[in-house]
Amino acid sequence: MKLGMLTACLPAWPLDRIAEFAAGQGYERLEVGVWPGTGGRDFEAAHLPVATFTDEDAATTRDLLERTGLEISALAYYENNLHHDLARREEVRTHLRHAIDTAQLLGVPYVGTFIGRDTTKSVRENMAEGDRVLPELVDYAGERGVRLIIENCVMEGWHPDGYPGNIAYSPELWGWVTGLGFGLNWDPSHLTWIGIDPVETILPFAEHIVHAQAKDLELFPAKRNEYGFFGKVDKGDDPWDMGWWRFRVPGRGVVDWPHVVDRLYEAGFDGTLSVEHEDPLWGGTDEKVLEGLRIAHRTLRPLIAQEPPSM
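All values reported here derive from a predicted model rather than from experimental measurement. (Residues numbered from 1 in each chain as written. Predicted model: local features only at pLDDT ≥ 70, side-chain atom pairs only at ≥ 80, totals over all residues. Heavy atoms only, no water.)

*Asks:* Just to check I follow, could you spell out the overall build of the chain for this structure?
*Replies:* Across its full length, the chain holds 10 helices and 10 strands. For a compact globule of 311 residues, the expected C-alpha radius of gyration is about 19 Å, and the chain comes in at 18 Å, within 12% of that figure. Dimensions of the chain, computed from the C-alpha atoms along their principal axes, are close to 55 × 40 × 40 Å. Counting all 311 residues of the chain, 55% fall into the buried class. Taking as baseline every contact in the chain between residues at least 6 positions apart, the subset at least 24 positions apart corresponds to 77%. Looking at the chain, you have 29 positive and 50 negative side-chain charges, and the mean spots of the two groups are 2 Å apart. (Helix = DSSP H or I, 4+ residues; strand = E, 2+ residues; numbered from the N terminus. Rg over C-alpha atoms; globule rule 2.2 N^0.38 Å. Buried < 20%, exposed > 50% of the residue type's maximum accessible area, 1.4 Å probe, protein only. Contact = heavy atoms within 4.5 Å. Lys, Arg positive; Asp, Glu negative; His and termini not counted. Charge placed at Lys NZ, Arg CZ, Asp CG, Glu CD.)

Next comes the structure, spelled out in structure tokens:
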């Protein structure tokens, strides 16, 4: 197992600056954000120009990795592949193909995305649509030696009432997702707030969890008693404000990281545990974001076995 970090928490930084920080802090891998730009929502980053990526760009990226001793664990483009607006859906699919092409050029094994959801339809209707349109993307990646991986984020902000906007939120649905050929980019934080014990989901899906994200969660039960499970009705200008929980960096929430990492080892997981920093307390300035990444590193580094030095 290797410890990595998702670059999307530092969208204004160039990749070389992020890589130098990550290597200096002791991270081993980068999960690189490859959105076409920033500003669509928080935590998007365009750290590689995948739509126009050239052999020269690939050489520059390889030089950076060699210089810093890092690897890229996955490219990250988390968008809605079942969007109800078919023009927008095709934009997402086109950019996802660009990300796959770039991963192939760089020898990166995974590209992360969302299943998404057409919010005008039921989950079952979306599954039927997914059966029709998603295998082509899985095949496109597979033909290029890349595997698409799906994060289990609920994406409640994509639905006007806070319902799941990404139909890969539960183990019940993971059977369908993996049956289509996707791998899982497993994240315990999302499972925690929807009432699922994340540790208990690891062994049943051990062969499909090929990448994992490290994000924590703080709960406010008194607020849940006021708003209910689906969160505040009036979210103001922030569709993601559920009102009774918030994301935290590992070590500052309720996720039992020693137990999580131990169970991942039991499952034979030898991939990347990638810190996904969306903690509002350690955000807002570069200095706070960096400290959040340091806190996450201090929490997780002692739990992950170090490879013995070569003799």
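The discussion continues.
*Asks:* Would you take a moment to explain the UniProt feature "domain: Xylose isomerase-like TIM barrel" (unreviewed entry) in the chain for this structure?
*Replies:* Those residues carrying the UniProt feature "domain: Xylose isomerase-like TIM barrel" (unreviewed entry) are residues 43-292 in this numbering. Helix makes up 37% of residues 43-292 and strand 17%. Its end C-alpha atoms lie 14 Å apart. (UniProt positions renumbered as here; feature names shortened; annotations may be inferred.)

*Asks:* Before we go on, may I ask you to explain helix H4 (residues 123-133) in this structure?
*Replies:* Since the α-helix advances by 3.6 residues per turn, residues separated by three or four positions end up pointing in the same direction. Residues of H4 that are buried: Val 123, Asn 126, Glu 129, Gly 130 and Val 133. What you see down the axis of H4 is that its buried residues fit within an arc of 115°, all on one side. Turned more than 90 degrees away from the buried face of H4 sit Arg 124 and Arg 132, all of them exposed. (Arc of directions from axis to C-beta.)

*Asks:* Can you help me understand empty space enclosed by the protein in this one?
*Replies:* With a probe scaled to a water molecule rolled over the atoms, the places where space remains empty come into view. Enumeration according to the criterion identifies 2 cavities of 30 Å³ or more in this entry. Space inside the largest cavity adds up to approximately 40 Å³. Lining the largest cavity we find Leu 6, Ala 8, Cys 9, Phe 43, Glu 276, His 277 and Glu 278. Partitioning the lining of the largest cavity into residue classes produces 4 nonpolar, 1 polar and 2 charged. (1 Å grid on protein atoms, 1.4 Å probe; cavity = no way out; pocket = protein on both sides within 12 Å on 5 of 7 lines; lining within 4 Å. Points joined across faces, edges and corners; volume = space filled by probe spheres on them. Nonpolar A, V, L, I, M, F, W, Y, C, P; charged D, E, K, R; others polar.)

*Asks:* Please clarify how the packing of helix H1 (residues 15-25) against helix H2 (residues 55-68) should be interpreted in this entry.
*Replies:* The axes of two packed helices give the description: the angle between them and the distance between them. Packing of H1 against H2 brings their axes to within 10 Å, and their N-to-C directions diverge by 20°. Between H1 and H2, the crossing angle belongs to the class labelled roughly parallel. Handedness of the crossing formed by H1 with H2: right-handed. Contact with H1, carried on its side by Leu 15, Asp 16, Ala 19, Glu 20 and Ala 23, involves Leu 64, Arg 67 and Thr 68 of H2 and no other residues of that element. (Axes fitted to C-alpha atoms, helices over the stretch in contact; angles between N-to-C directions. Parallel < 35°, antiparallel > 145°, perpendicular 65-115°, else oblique. Left-handed = near helix turned anticlockwise from the far one by under 90°.)

*Asks:* Before we go on, may I ask you to explain the nonpolar core in this structure?
*Replies:* Where a protein is soluble and globular, its nonpolar side chains tend to be buried together. By size, the foremost hydrophobic cluster in this structure holds 85 residues, and its most contacted members are Ile 115 and Leu 293. Ranked by residue count, the leading element in this core is helix H3 (residues 86-106), at 6 residues. Ile 115 has contacts with Asn 80, Asn 81, Leu 82, Leu 134, Ile 150, Asn 166, Ile 167, Ala 168, Trp 176, Val 177 and Phe 182, leaving out every residue within four places of it along the chain. The next biggest cluster of nonpolar side chains, apart from the first, holds 8 residues, and it includes Trp 193, Ile 194, Met 242 and Trp 245. (Core = buried A, V, L, I, M, F, W, Y, C linked by side-chain atoms within 4.5 Å.)

*Asks:* Before we go on, may I ask you to explain a nonpolar patch on the surface in this structure?
*Replies:* On the surface, Tyr 163, Phe 229 and Phe 230 cluster together into a nonpolar patch covering about 270 Å² of accessible area. Take Phe 229: it is sitting in the loop between helix H8 (221-227) and strand E9 (245-248). Judged by its relative accessible area of 33%, Phe 229 falls in the partly exposed class. (Patch = residues over 30% accessible without salt bridge, like charges linked within 9 Å, V, L, I, M, F, W, Y side chains within 5 Å. Areas by Shrake-Rupley, 256 points an atom, 1.4 Å probe, with all protein chains shown as cover. Salt bridge = Lys/Arg side-chain N within 4 Å of Asp/Glu carboxyl O.)

*Asks:* For this particular structure, what's the right way to read the packing of H4 against helix H5 (residues 135-142)?
*Replies:* Remark: H4 packs on H5, axes separated minimally by 5 Å, with the N-to-C direction vectors making an angle of 40°. Looking at the two axes, H4 sits oblique to H5. Contact with H4, carried on its side by Gly 130, Asp 131, Arg 132 and Val 133, involves Pro 135, Glu 136 and Leu 137 of H5 and no other residues of that element. When its residues are assigned to classes, the contact of H4 with H5 shows 3 nonpolar, 1 polar and 3 charged.

*Asks:* I'm lost on the pattern of salt bridges in this one. Help?
*Replies:* Note on pairing: side chains with opposite charge can pair once their charged atoms come close. Tallied over the entire structure, the rule returns 26 salt bridges. A salt bridge links Asp 101 to Arg 144; the nearest nitrogen and oxygen atoms lie 3.4 Å apart. Of this pair, Asp 101 sits in helix H3 while Arg 144 sits in the loop between H5 and strand E5 (147-151); the two residues are 43 residues apart in sequence, bridging distant segments of the chain. Accessibility expressed as a relative area gives 29% for Asp 101, which makes it partly exposed. Its salt-bridge partner being Asp 118, residue Lys 121 comes within 4.0 Å of it at the nearest N-O pair.

*Asks:* Which parts of the structure should I look at to understand the environment of Ile 100?
*Replies:* Of note, Ile 100 is situated in helix H3. Take Ile 100: its relative accessible area is 0%, and that puts it in the buried class. Placed 41 residues apart in sequence, Ile 100 and Ala 141 show a C-alpha to C-alpha distance of 6.0 Å.

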